[in-house]
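Listed below are the residues making up each chain.
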Amino acid sequence: SQTIHQWPATLVQPVGSPLSLECTVEGTSNPNLYWYRQAAGRGLQLLFYSVGIGQISSEVPQNLSASRPQDRQFILSSKKLLLSDSGFYLCAWTVSSTDTQYFGPGTRLTVL
Amino acid sequence: GNSVTQMEGPVTLSEEAFLTINCTYTATGYPSLFWYVQYPGEGLQLLLKATKADDKGSNKGFEATYRKETTSFHLEKGSVQVSDSAVYFCALTPTGTASKLTFGTGTRLQVTL
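Let me sum up the structure you'll find in this document. (Residues numbered from 1 in each chain as written. Chains lettered and ligands numbered in written order. Predicted model: local features only at pLDDT ≥ 70, side-chain atom pairs only at ≥ 80, totals over all residues. Heavy atoms only, no water.)

Quick look at the overall build of chain B now. Of the regular secondary structure elements, chain B holds 0 helices and 12 strands. Going from N to C terminus, chain B has its helices and strands arranged as β-β-β-β-β-β-β-β-β-β-β-β. By principal-axis analysis of the C-alpha atoms, chain B measures approximately 45 × 30 × 20 Å. Partitioning the contacts of chain B with sequence separation of at least 6, the portion at a separation of at least 24 is 55%. Here chain B carries 9 positive and 10 negative side-chain charges, and the mean point of each set is 9 Å from the other. (Helix = DSSP H or I, 4+ residues; strand = E, 2+ residues; numbered from the N terminus. Contact = heavy atoms within 4.5 Å. Lys, Arg positive; Asp, Glu negative; His and termini not counted. Charge placed at Lys NZ, Arg CZ, Asp CG, Glu CD.)

This structure, assessed with the given rule, holds 2 disulfides over all chains. In this model cysteine 23 of chain A forms its disulfide with cysteine 91 of chain A; the gap between the sulfur atoms is 2.0 Å. Between cysteine 23 of chain A and cysteine 91 of chain A, the S-S torsion sits near -75 degrees, and that sign places the bridge as left-handed. Pair noted here: cysteine 23 of chain A is in strand S3 (residues 19–26) and cysteine 91 of chain A is in strand S9 (residues 87–94), with a separation of 68 residues, a long-range link. Residue classification places cysteine 23 of chain A among the buried positions, given a relative accessible area of 1%. In this model cysteine 23 of chain B forms its disulfide with cysteine 90 of chain B; the gap between the sulfur atoms is 1.9 Å. Linking cysteine 23 of chain B and cysteine 90 of chain B, the disulfide has an S-S dihedral of approximately -70 degrees and is accordingly described as left-handed. Taken together, the residues span a long stretch of sequence, with cysteine 23 of chain B in strand S4 (residues 23–26) and cysteine 90 of chain B in strand S10 (residues 86–93) at a distance of 67 residues. (Disulfide = S-S within 2.5 Å. Buried < 20%, exposed > 50% of the residue type's maximum accessible area, 1.4 Å probe, protein only.)

Moving on to the sheet that holds strand S8 (residues 73–78) of chain A. Residue and element names in this part refer to chain A. Spatially, the 4 strands line up as an open sheet ordered S1-S3-S8-S7, and their pairing is antiparallel. Because the sheet does not close on itself, it has two edges, and the strands there are strand S1 (3–7) and strand S7 (64–70). Taken pair by pair, the neighbouring strands of this sheet meet at an average axis angle of 20 degrees, ignoring direction. Note that S1 and S3 share 5 bridges and pair antiparallel. Residue pairing across strands places glutamine 6 opposite cysteine 23, the latter belonging to S3. (Pairing = 2+ DSSP bridges. Axes fitted to C-alpha atoms, helices over the stretch in contact; angles between N-to-C directions.)

For any pair of aromatic rings, the description consists of the separation of the ring centres together with the inter-plane angle of the planes. Scanning all chains against the criterion turns up 13 aromatic pairs over all chains. Taking 6.1 Å as the distance between ring centres and 35 degrees as the angle between the ring planes, the aromatic pair formed by phenylalanine 34 of chain B and tyrosine 36 of chain B counts as tilted. The pair phenylalanine 34 of chain B / tyrosine 36 of chain B is uniform in exposure class, with both members buried. Here arginine 108 of chain A stacks its cationic end above the ring of phenylalanine 88 of chain A, 4.4 Å away from the centre of that ring. (Phe/Tyr/Trp six-rings, centres within 6.5 Å; stacked < 30°, edge-to-face > 60°. Lys NZ or Arg CZ within 6 Å of the ring centre and 35° of its normal.)

Right, let's talk about the pairing of S10 of chain B for a bit. A regular strand places its side chains so that they alternate between the two faces of the sheet. Residues and elements named next belong to chain B. With 8 of 8 residues buried, S10 lies mostly within the body of the structure. Covered by surrounding structure in S10 are Ala86, Tyr88, Cys90 and Leu92 together with Val87, Phe89, Ala91 and Thr93, the residues of both alternating faces. Note that strand S5 (residues 32–38) and S10 share 7 bridges and pair antiparallel. From the neighbouring strand, tyrosine 36 faces S10, where its bridge partner is phenylalanine 89. Two elements, S10 and strand S12 (residues 107–112), share 3 bridges in a ladder whose sense is antiparallel. Residue pairing across strands places alanine 86 opposite leucine 109, the latter belonging to S12.

And the structure:
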């Protein structure tokens, strides 16, 4: 069966520090991968999605970036965190554009 | 653009009460519609989905019917339990868009004894 992992589970970082969040999927090949952010008291916002290695589409302009160095690995990064980057970051996957998305356990990021 | 509107919470119910959480959407074409549930401190879990008009999604006693004429996908359950306390998100994905989900803001449900 397929599983999705995210780490770390929680993270507290100072403003201006770098960020790297990792997501990996097991048990499937060539998934579509997604990063979402859930800010406090707000809904989920799609940040990036990828349909293949090295293929990244950005939905929202910001100081975050994403990379997909391997088929089942999706990384969210920032060079300098802002207070507004605090939130709950969720990774998700599907096996095709018509399939349901399945979500990882999430990373709670607090920027101080 | 695409959007999803959910009723504002929190919704507080007694155990065994009837639940309705309203959801309406705006989208071109024929989107797929979803309800996801988020338990405290966890990620999202798919609760149910419907991919075409008049389809009814159901799971764990929850139901929602895809109503294209009213652009709605209201979530219902006949008898809620304390364990149903969570945040419920309505979402859509238009066809042919790599399954990019557009979410509502979520509705918090609190069920008490």
